[in-house]
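Structural characterization, general
The primary structure of each chain is shown beneath.
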Amino acid sequence: MFRIAHISDIHLSPLPAPNLRELISKRITGYINWRSNRKGTMTGSTLDVLVADIMEQKPDHIAVTGDLVNLALDEELETAQRWLKSLGDPANVSVVPGNHDAYVPGALKKARRLWEPWMRGDIEAAENRPVEFPYLRVRGDVALIGVSSARATAPFMATGDIRDRQARRLGEILDETGKRGLFRVIMIHHPPVRGAAPAHKRLLGIGLFQRTVSQFGAELVLHGHTHLATRHAINGPDWEIPVVCVPAASQGFEVGQHKPPAAFNLFSIAKTNAGWDCNMVERGIVDAQMTIRTIREHNLRVGRVFATS
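Residues numbered from 1 in each chain as written. Predicted model: local features only at pLDDT ≥ 70, side-chain atom pairs only at ≥ 80, totals over all residues. Heavy atoms only, no water.

Among the 6 residues that make up strand β11 (residues 240–245), 5 are buried, leaving the element largely enclosed by the rest of the structure. Bridge count for strand β9 (residues 220–223) against β11 is 3 bridges, and the pairing is parallel. Residue pairing across strands places H223 opposite C245, the latter belonging to β11. The pairing of strand β10 (residues 231–235) with β11 spans 5 bridges and is antiparallel. Each residue of the ladder has a partner; that of A233, found in β11, is P242. Taking the residues that link successive antiparallel strands as the turn, the β10-β11 hairpin has 4 residues. (Buried < 20%, exposed > 50% of the residue type's maximum accessible area, 1.4 Å probe, protein only. Helix = DSSP H or I, 4+ residues; strand = E, 2+ residues; numbered from the N terminus. Pairing = 2+ DSSP bridges.)

Right, dumping it as structure tokens:
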């Protein structure tokens, strides 16, 4: 049994006060949005409660699918590095960046440098090479594959993309790990499903991603970005692949609010004689006292059926 806790859209707070130079960019619109919409609803105390419950569950690995910060200020990126150190050993925590981590040109490069230990594949770490996406980490029977959809965009846009080079490498990794009989978990920030996000927030290259996965297969796709608890599916070679999103990890509880309060998903993965067993538990905040409970539990239909003797 291998257990993965999935969290996303951390949006660490409080937001540092940006200087005038930092605001002469797309950041001005994001700063206004933060102060008017997110400042009171996305809090560090909520995140602390959620992380404490994750630690009580004792997962083998934590997958963080992007948006650790808000405006990608230098101070924010450094704060996120400290937060990742508190979350766990880099060998046991895997991160992919989100659009807020690449908010302006140059920010993603800084994030990759600061968060490198949590975003390097096994080969890159062993050879002391820099981060390269997609990356591959193998833990037991599980392959954790990190894809980056993060890119700097114009004001009022939050799109991501996946292009030929990354898709080609993703196909190679999926093919290799599939032949090894591993349970393949793809981590990406933007939802690789049509209609899951509005046009100005969508993933560019959904068709390319889906064609790659359809050809080579995967067992599970984890993403964030929408701040919603959703499950979709995309076609694999001979099976449907679950595509799962989780609410924002710092979203507080408020009656009637548009987005659900903070939650995480816990996946328990085991190889059986007939194939894979994957149980998913949704745990999250259920009241204003920040009580965390199990909200739902599902047994996901995943992966290939193995031949039995």
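Don't stop here, the text continues.
On to the sheet that holds strand β2 (residues 61–65), then. Sheet strands pair via backbone hydrogen bonds, and the direction of the pair is either parallel or antiparallel. Pairing is mixed in the open sheet, where 6 strands are placed in the order β3-β2-β1-β12-β13-β14. Looking at strand neighbours, the two that pair on one side only are β3 (93–96) and β14 (292–300), the edges of this open sheet. Put simply, the sheet's adjacent strands are angled 20° from each other on average, direction ignored. Where strand β13 (residues 276–285) meets β14, 8 bridges bridge the pair, whose relative direction is antiparallel. Counted as the bridge partner of I285 is I292 from β14. Against the sheet, helix α3 (residues 44–57) touches β1 (2–7), β2, β12 (263–271), β13 and β14, its axis set at about 20° to β12. (Axes fitted to C-alpha atoms, helices over the stretch in contact; angles between N-to-C directions. Contact = heavy atoms within 4.5 Å.)

This part takes up the sheet that holds β10. Overall, mixed pairing links the 6 strands, which are arranged β4-β5-β7-β9-β11-β10 in an open sheet. Each edge of the sheet is formed by a strand with only one pairing partner; in this case those strands are β4 (135–139) and β10. The sheet shows a mean angle of 25° between the axes of neighbouring strands, direction not considered. For strand β7 (residues 183–187) and β9, the ladder comprises 3 bridges, and the chain directions are parallel.

Take the nonpolar core next. Ranked by size, the top nonpolar core spans 60 residues in total, and within it I7, L68, W83 and W115 carry the most contacts. In contact with I7, other than residues within four places in its own chain, are L50, I54, I62, A63, V64, T65, W83, L87, V246, A249 and F264. Within the second largest apolar cluster, 25 residues are counted, among which are A143, A167, L174 and I188. (Core = buried A, V, L, I, M, F, W, Y, C linked by side-chain atoms within 4.5 Å.)

Our next topic: the side chain of H11. Tracing the backbone shows H11 in the loop between β1 and α1 (20–23). In this structure H11 comes out as buried when scored by relative accessible area, which is 0%. Of the polar contacts made by the side chain of H11, one reaches the side chain of H227; its length is 3.5 Å. (Polar contact = N/O pair within 3.5 Å; in protein donor to acceptor, adjacent residues only side chain to side chain.)

Moving on to the packing of helix α7 (residues 164–179) against helix α8 (residues 206–216). For any two helices packed against each other, the geometry comes down to the angle between their axes and how far apart the axes lie. Closest axis-to-axis distance for the α7/α8 pair is 9 Å, and the angle between their directions is 20°. Looking at the two axes, α7 sits roughly parallel to α8. Considering the relative orientation of α7 and α8, their crossing is right-handed. Contacts between α7 and α8 involve D164, A167, L170, G171, L174 and D175 from the first element and L208, F209, T212, V213 and F216 from the second. (Parallel < 35°, antiparallel > 145°, perpendicular 65-115°, else oblique. Left-handed = near helix turned anticlockwise from the far one by under 90°.)

In terms of burial, β4 is largely enclosed, as 4 of its 5 residues are buried. With 5 bridges connecting them, β4 and strand β5 (residues 142–146) associate as antiparallel partners. Looking at the pairing, R139 lines up with V142 of β5. With antiparallel pairing between neighbouring strands as the criterion, β4 and β5 make up a hairpin whose turn holds 2 residues, including G140 at a positive phi of roughly 65°.

Attention shifts here to the pattern of salt bridges. Using the criterion set out here, one finds 14 salt bridges in the structure. For R120, the salt bridge identified is with E116, shortest N-O distance 3.8 Å. Residue classification places R120 among the buried residues on the basis of a relative accessible area of 15%. Between E176 and R180 there is a salt bridge whose closest N-O contact spans 3.1 Å. (Salt bridge = Lys/Arg side-chain N within 4 Å of Asp/Glu carboxyl O.)

Let's shift gears to the side chain of Q166. Here Q166 shows up in helix α7. Not counting chain neighbours up to four residues away, the residues in contact with Q166 comprise F133, P134, V147 and S148.

Turning our eyes to something else, we now look at the packing of helix α4 (residues 74–87) against helix α5 (residues 107–114). At a closest axis distance of 10 Å, the pairing of α4 and α5 adopts a crossing angle of 25°. Viewed along their axes, α4 and α5 adopt a mutual orientation that is roughly parallel. As α4 packs across α5, the resulting crossing turns out to be right-handed. Mapping the contact onto sequence places D74, L77, E78 and Q81 in α4 and A107, K110, A111 and L114 in α5. Taken together, the residues of the contact of α4 with α5 sort by class into 4 nonpolar, 1 polar and 3 charged. (Nonpolar A, V, L, I, M, F, W, Y, C, P; charged D, E, K, R; others polar.)

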